[in-house]
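Structure assessment
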Amino acid sequence: MKYILCLLGMCPLLAAAQAVEADTPPAMRHCQVVFDNGASLAAVPLAETGEQQVRGLSRRHDVASGMWFAFAAPQPLRFWMRDTWQPLSIGFIDEAGVIFQITDMQPETLDIHASSRAGVAALELPRGGFASLGVQIGSRVSLQHCR
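Bear in mind the structure is a predicted one, so any value in this text is a computation, not a measurement.

**Comments concerning the overall build of the protein chain**
Helix and strand counts for the protein chain come out as four helices and nine strands. When the helices and strands of the protein chain are read in sequence order from the N terminus, they spell out α-α-β-β-α-β-β-β-β-β-β-α-β. Counting all 147 residues of the protein chain, 39% fall into the buried class. Counting only contacts in the protein chain whose residues sit at least 6 apart along the sequence, the fraction spanning at least 24 positions is 62%. Accessible surface for the protein chain amounts to roughly 8,200 Å². Of this, 57% is attributable to carbon and sulfur atoms.

Rendered as structure tokens:
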């Protein structure tokens, strides 16, 4: 089929369609994020795979849902904002579910935002999202009802 399309002079259209298809985010599970102060977020995308974690919230105009990044073992966490169009805040989370660091991040930058110690998860929200939920360093957070 590709060969026939190219013979008909449609190779550029085929290449564009494949680029759009390759740029489509992989299917993700969504979870409810619950904070110890009673605040919660519904349907937060869960970035579990390496591909999902690399893509994160890049190339999205609507980042209101935020994104939860889950890692198998405690490790230093590093994030950047390449191809991310909206300002975000990130909360780094330890094994006990405690947010130990919150950092604001500027869009379209290559600055590395590293956790101050090993973490097992991170939560990205639109800039100021933690404060608007009454969540701060020391708050406890958990995932529930992931589908």
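**Focus: the sheet that holds strand β5 (residues 88-93)**
An order of β6-β5-β8-β3-β2-β1-β9 is seen for the seven strands of this open sheet, with the pairing classed as mixed. Strands at the two margins of the open sheet, each flanked by one partner only, are β6 (99-105) and β9 (141-144). Strand-to-strand twist across the sheet, computed as the mean angle between neighbouring axes with direction ignored, equals 35°. Where strand β3 (residues 67-75) meets strand β8 (residues 119-126), five bridges bridge the pair, whose relative direction is antiparallel. Looking at the pairing, Trp 68 lines up with Leu 123 of β8.

**Focus on the layout of surface pockets**
Quantified by volume, the largest pocket comes out at close to 430 Å³. For the largest pocket, the lining is made up of 21 residues, of which Gln 53, Val 54, Arg 55, Gly 56 and Trp 80 are closest to its centre. Breaking the lining of the largest pocket down by element, the ones donating at least two residues are α3 (50-55), β3 and β4 (78-79). Residue contributions to the lining of the largest pocket peak at four residues, all from α3.

**Details of the side chain of Asp 94**
Within the fold, Asp 94 resides in the loop between β5 and β6. Only 2.9 Å separates the side chain of Asp 94 from the backbone nitrogen of Ala 96, close enough to count as a polar contact. One polar contact links Asp 94 to Arg 117, side chain to side chain, over a distance of 2.9 Å. In contact with Asp 94, other than residues within four places in its own chain, are Phe 100, Arg 117, Gly 119 and Val 120.

**Considering the packing of aromatic side chains**
By the definition in use, this model includes three aromatic pairs. Joined through ring pairs, the aromatic side chains of Phe 69, Phe 79, Phe 92 and Phe 100 make up one cluster. The ring of Phe 100 has Arg 117 sitting right over it, with the charged end atom 4.2 Å from the ring centre.

**Observations regarding the pattern of salt bridges**
Close approach of charged atoms allows side chains of opposite charge to pair. Within the structure shown, the criterion is met by five salt bridges. Between Arg 82 and Asp 83 there is a salt bridge, with its nearest N and O atoms 3.3 Å apart. With relative accessibility at 44%, the residue Arg 82 sits in the partly exposed group. Across the pair Asp 104 and Arg 127 runs a salt bridge whose closest N-O atoms are separated by 3.9 Å. Here the residue Asp 104 occupies a position in strand β6, and Arg 127 occupies one in the loop between β8 and α4 (129-132), the gap between them amounting to 23 residues. Exposure remark for Asp 104: the relative accessible area of 47% places this residue in the partly exposed category. When salt bridges that share partners are traced, they join Arg 59, Arg 82 and Asp 83 into one network.

Cut-offs and rules
- Residues numbered from 1 in each chain as written.
- Predicted model: local features only at pLDDT ≥ 70, side-chain atom pairs only at ≥ 80, totals over all residues.
- Heavy atoms only, no water.
- Helix = DSSP H or I, 4+ residues; strand = E, 2+ residues; numbered from the N terminus.
- Buried < 20%, exposed > 50% of the residue type's maximum accessible area, 1.4 Å probe, protein only.
- Contact = heavy atoms within 4.5 Å.
- Areas by Shrake-Rupley, 256 points an atom, 1.4 Å probe, with all protein chains shown as cover.
- Pairing = 2+ DSSP bridges.
- Axes fitted to C-alpha atoms, helices over the stretch in contact; angles between N-to-C directions.
- 1 Å grid on protein atoms, 1.4 Å probe; cavity = no way out; pocket = protein on both sides within 12 Å on 5 of 7 lines; lining within 4 Å.
- Points joined across faces, edges and corners; volume = space filled by probe spheres on them.
- Polar contact = N/O pair within 3.5 Å; in protein donor to acceptor, adjacent residues only side chain to side chain.
- Phe/Tyr/Trp six-rings, centres within 6.5 Å; stacked < 30°, edge-to-face > 60°.
- Lys NZ or Arg CZ within 6 Å of the ring centre and 35° of its normal.
- Salt bridge = Lys/Arg side-chain N within 4 Å of Asp/Glu carboxyl O.

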